Amino acid sequence: MPQDDQIQIDATEQLAEVIDSGDAEYLANFLHILAPEVTTYTINRLDETRRTRMFSVLSAEHSDLAADLMEHFTDEHAADMIEQLEPEHAAAIIDEMDSDEQTDVLAELHVDDAEAILGHMDPEEAEDVRERLKYDEDTAGGLMITEYLEYRESQDVDAVIADLRTHAEEYNEYEVRFAYLIDKPGHFKGVVTMRSLVMAPPGKKLVDLKVRSPMTVSVHAKLQDLEDVFDRVDFSVIPVIDDENRLVGVVQRAAVQEALSESANEDLMKFGGIIGGEELRSLSWNSRALRRAAFLLPNVLLSAVSVIIILLYEPLIHKLTLLAVFLPLVANLSGAAGNQAVAVSIRELALGLIRPGDWLRICAKEAGIGLINGLFIGLLLGMVAVGLGWASMQLGWVETQQSRVGLAPLAMVVTLAYTLNSVLAVVVGGTIPLALKRVGVDPAMASSPILTTVTDMCSFLVTLTFAMGMLHLFVGA
């Protein structure tokens, strides 16, 4: 076993012993000295009972540490651990999280569980969280934080400096690079940089220091829109306003980048057939089994179509057993080509480079690629068919019907079948995401099973139809 793996296993065993001791200070000290690079692995290897006990112990006197540990994990994983705690213990930990993390984790919980936790939180803090939970997670409202500096535009520099000194410890976790100005009803009035604030003469009014034409984003702005905004401007944070121009939070560039990364990972998981776009092996067996079954069961029905086609041509396959070798080969290679087209279309949809109405242009561009690659790979498959067929005849592995047909026609069937299927696969693969997008279905989730069904069905049908024609032409059977 590699030395690093052994160290991590030893750390897990030591942590388990510390948890069993029930000493909160001992536990906190151990976690503080635990190397950051092994923290997630060590906690994840704990059994569920010990992990729950650990967070319960920490929630009493070291809830800030527990919150920091939770942030090592994905939102869904953190929510799964929070769900195992008593509501009062969970509330103590949630209270210490950044506002955006609070929203992300609670949004993953069942409504009743989330409400039970909110019921044990500070009423003002709980109401603030409830307001943020109303926004979609991939909008400015769902990504924003509410820890920022907010002052009336009528205040002066002296009042702000005094406030900063008085609440220095509280503001330690705040976004403090800017101060945001509001009027009495809370309407957004401007931004003052911390540099301007610190260097301003005593008594200077904040209204005289504010940035001209500050940029803001709507609380409903989508993730893609936020990405575009941060690409255009060199800001680390942008104020978020509601429909009545009230300042409700600030969204950070880092939060947008993290959300984009999570979205890309979810798309990858969906493309692999994980419903919901997120799965970890630390989740419950029931949850994981249902997520996978939800993807696999529809595929059973879709695959039945391909099976029926093979059954219809069973007499032909019985006569030309060598043909059966190439059926899955043609289907698999066609599916691989189609998946390449799917990936490109999903990417271009995400970047806003294509729209569902562009399907004719996509067909034209993909058909050329499919034809070129189809001919090249089809010829290679034809040569493989000749070589494999000759060897099989020499060894007596094929029936006499194949010998009567000959190898050249077989190679021709395989070459033409793959060429045609290659064109069909990339055209279908390129347009399926557009069609799904138009009807409001997630392309990353549904494209793969539909493509697999279509390519298998077409591959079997085309190959077997060509072979039937070949058999009639050369043998008359």
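Because the structure is predicted, anything quoted here is derived from the model rather than measured.

1. Considerations on the overall build of the protein chain
- Looking only at helices and strands, one finds 22 helices and 6 strands in the protein chain.
- Within the protein chain, the proportion of its 477 residues that are buried is 44%.
- Intrachain contacts of the protein chain at a sequence separation of at least 6 include 69% that bridge at least 24 residues.
- Only carbon and sulfur atoms are counted for the fraction: they give 57% of the accessible area of the protein chain, which is about 24700 Å².

2. With respect to the sheet that holds strand E3 (residues 188-193)
- Sheet architecture is open: 3 strands sit in the order E1-E2-E3, paired in mixed fashion. Edge strands, defined here as strands with exactly one partner in the open sheet, are strand E1 (148-152) and E3. When the angles between neighbouring strand axes are averaged without regard to direction, this sheet yields 30°.
- Summarising the sheet, E1 and strand E2 (residues 175-182) pair through 5 bridges and their orientation is parallel. Residue pairing across strands places arginine 152 opposite isoleucine 182, the latter belonging to E2.

3. Observations concerning the pairing of E3
- Pairing analysis gives 5 bridges linking E2 to E3, with the strands arranged antiparallel. Residue pairing across strands places isoleucine 182 opposite phenylalanine 188, the latter belonging to E3.
- Connecting E2 to the antiparallel partner E3 that follows it, the hairpin turn spans 5 residues, and glycine 186 within it adopts a positive phi of roughly 95°.

4. Focus on the environment of aspartate 100
- Take aspartate 100: it is sitting in helix H8 (residues 99-107).
- For aspartate 100, a relative accessible area of 12% corresponds to the buried category.
- Setting aside chain neighbours within four positions, we find aspartate 100 in contact with Leu143, Met144 and Ile145.

5. Description of the packing of helix H5 (residues 63-70) against helix H7 (residues 87-96)
- Between H5 and H7, whose axes approach to 8 Å, the crossing angle comes to 75°. Considered as vectors, H5 and H7 are oriented roughly perpendicular to each other. In this structure, H5 uses Ser63, Asp64, Ala66, Ala67 and Met70 to contact H7, whose residues at the interface are Ala92, Ile93 and Glu96.
- Of the residues belonging to the contact of H5 with H7, the class tally is 5 nonpolar, 1 polar and 2 charged.

6. What to know about a negative patch on the surface
- Residues Asp64, Asp68, Glu71, Glu96 and Glu173 make up a contiguous surface patch of negative charge.
- Within the element layout of this structure, glutamate 173 appears in the loop between helix H12 (157-166) and E2.

7. A look at the confidence of the model for the protein chain
- In the predicted model, the protein chain carries a mean pLDDT of 83, and 86% of its residues have values of at least 70.
- Ranking the elements of the protein chain by mean pLDDT puts helix H20 (residues 400-405) last with 50 and strand E4 (residues 217-218) first with 94.

8. Observations regarding helix H18 (residues 321-351)
- With 31 residues, H18 extends 47 Å between its outermost C-alpha atoms, agreeing within 8% with the 45 Å of an ideal straight helix rising 1.5 Å per residue.
- Just past H18, the residue glycine 352 takes up positive phi, approximately 75°.

9. Considering the sheet that holds strand E5 (residues 237-241)
- Read from one edge of the open sheet, 3 strands run E4-E5-E6, paired in mixed fashion. Looking at the sheet topology across the chains shown, the edges are occupied by E4 and strand E6 (247-252).
- Summarising the sheet, E4 and E5 pair through 2 bridges and their orientation is parallel. Considered in E5, the bridge of valine 217 is made with valine 240.

10. Thoughts on the nonpolar core
- Counting residues in hydrophobic clusters, the biggest one holds 41 residues, and the most contacted among them are Met54 and Ile82.
- In this view, isoleucine 82 contacts Met70, Ala90, Ile93, Ile94, Val105, Leu109 and Ile117; residues no more than four positions away in its chain are not counted.
- If you look at the next biggest cluster of nonpolar residues, it comprises 25 residues, including Leu320, Val330, Ala337 and Leu381.

11. A word on the packing of aromatic side chains
- Within the structure shown, the criterion is met by 3 aromatic pairs.
- Residues tyrosine 148 and tyrosine 180 carry aromatic rings whose centres are separated by 5.8 Å and whose planes lie at 85° to one another, so their mutual orientation is edge-to-face. Note that tyrosine 148 is positioned in strand E1 and tyrosine 180 in strand E2, a separation of 32 residues in sequence. Take tyrosine 148 and tyrosine 180: they sit in the same class, and that class is buried.
- Ring-pair connections join several aromatic residues into one group, and the members of that group are Tyr148, Phe178 and Tyr180.

12. Points about the pattern of salt bridges
- Per the stated rule, a full pass over the model turns up 11 salt bridges.
- Its salt-bridge partner being arginine 130, residue glutamate 127 comes within 3.7 Å of it at the nearest N-O pair. Within this pair, glutamate 127 and its partner arginine 130 are both found in helix H10 (residues 123-133), separated by 3 residues, close to a single helical turn.
- On the basis of relative accessible area, glutamate 127 is assigned to the partly exposed category, the value being 42%.
- Where lysine 134 meets glutamate 131, a salt bridge forms, and the shortest distance between an N and an O atom there is 3.0 Å.
- Taken together, the shared-partner salt bridges connect Asp20, Asp47, Arg50 and Arg53 into one network.

13. Points about the side chain of serine 99
- Of note, serine 99 is situated in helix H8.
- A residue is classified by how much of its surface remains accessible, and serine 99, at 1% relative accessible area, is buried.
- One polar contact links serine 99 to glutamate 147, side chain to side chain, over a distance of 2.8 Å.
- Apart from residues lying up to four places away in sequence, serine 99 is in contact with Arg132, Met144, Ile145, Thr146 and Glu147.

14. Comments concerning the side chain of threonine 463
- Within the fold, threonine 463 resides in helix H22 (residues 443-474).
- There is a polar contact of 2.7 Å between the side chain of threonine 463 and the backbone oxygen of serine 459.
- For threonine 463, the residues in contact, after removing those within four places along its chain, are Leu323, Leu327, Val330, Val413, Ala417 and Asn421.

15. Things to note about a nonpolar patch on the surface
- Among the surface-exposed residues, Met412, Leu416, Leu420, Leu424 and Phe466 lie close enough to one another that they form a single nonpolar patch of about 420 Å² accessible area.
- Among the elements that make up the nonpolar patch, the one with the highest residue count is helix H21 (residues 407-438) (4 residues).
- Mapped onto the elements of the fold, leucine 420 is located in helix H21.
- Residue leucine 420 is classed as partly exposed on the basis of its relative accessible area of 37%.

The rules we used
Every residue gets a number counted from 1 within its own chain, in the order that chain's sequence is written. Where local features are concerned, this predicted model is filtered to residues with pLDDT of at least 70; where side-chain atom pairs are given and counted, the filter is 80 or more; whole-chain, interface and lining totals use all residues. Only hydrogens and water are set aside; all other atoms, that is, all heavy atoms of the structure, feed into the side-chain values. In DSSP terms, a helix is any run of H or I states spanning at least four residues, a strand is any run of E spanning at least two, and both are numbered starting from the N terminus. The classification of residues rests on relative accessible area computed with a 1.4 Å probe and restricted to protein chains. Under 20% of the type maximum is buried, over 50% is exposed, and intermediate values are partly exposed. In what follows, a contact means two residues having at least one pair of non-hydrogen atoms within 4.5 Å. Methods summary: accessible areas were calculated by the Shrake-Rupley approach with a probe of 1.4 Å, and residue burial reflects only the protein chains presented. In short, DSSP must find at least two bridges between two strands for them to pair. The angle between two axes is taken between their N-to-C directions and runs from 0 to 180 degrees, where each axis is a line fitted to C-alpha atoms and a helix contributes only its stretch in contact. By the definition adopted for this analysis, an angle is roughly parallel if under 35 degrees, roughly antiparallel if over 145, roughly perpendicular if from 65 to 115, and oblique otherwise. For this classification, Asp, Glu, Lys and Arg are treated as charged, while Ala, Val, Leu, Ile, Met, Phe, Trp, Tyr, Cys and Pro are nonpolar and the rest, including Gly, are polar. Residues enter a patch when their relative accessible area is above 30% and they make no salt bridge; the linking distance is 9 Å between like charges and 5 Å between nonpolar side chains (Val, Leu, Ile, Met, Phe, Trp, Tyr). Salt bridges are counted wherever a side-chain nitrogen of Lys or Arg sits within 4 Å of a carboxyl oxygen of Asp or Glu. Just so you know, the count uses Lys and Arg for positive and Asp and Glu for negative, and it drops His and the chain ends. All charge positions are set by atom: Lys at NZ, Arg at CZ, Asp at CG, Glu at CD. You can read pLDDT as the predictor saying how much it trusts each residue, on a scale of 0 to 100. Take the number of residues in a helix, subtract one, and multiply by 1.5 Å to get its expected span. Throughout this description, the term nonpolar core refers to a set of buried Ala, Val, Leu, Ile, Met, Phe, Trp, Tyr and Cys residues connected via side-chain atoms within 4.5 Å. Any two of the Phe, Tyr and Trp rings considered here, Trp counted by its six-membered ring, make a pair once their centres fall within 6.5 Å; the pair's planes then place it as stacked at under 30 degrees, edge-to-face at over 60, or tilted in between. For the purposes of these results, a polar contact is taken to be a pair of N or O atoms within 3.5 Å, where, inside protein, one atom must be able to donate a hydrogen and its partner to accept one; residues adjacent in sequence count only when each atom of the pair is a side-chain atom.

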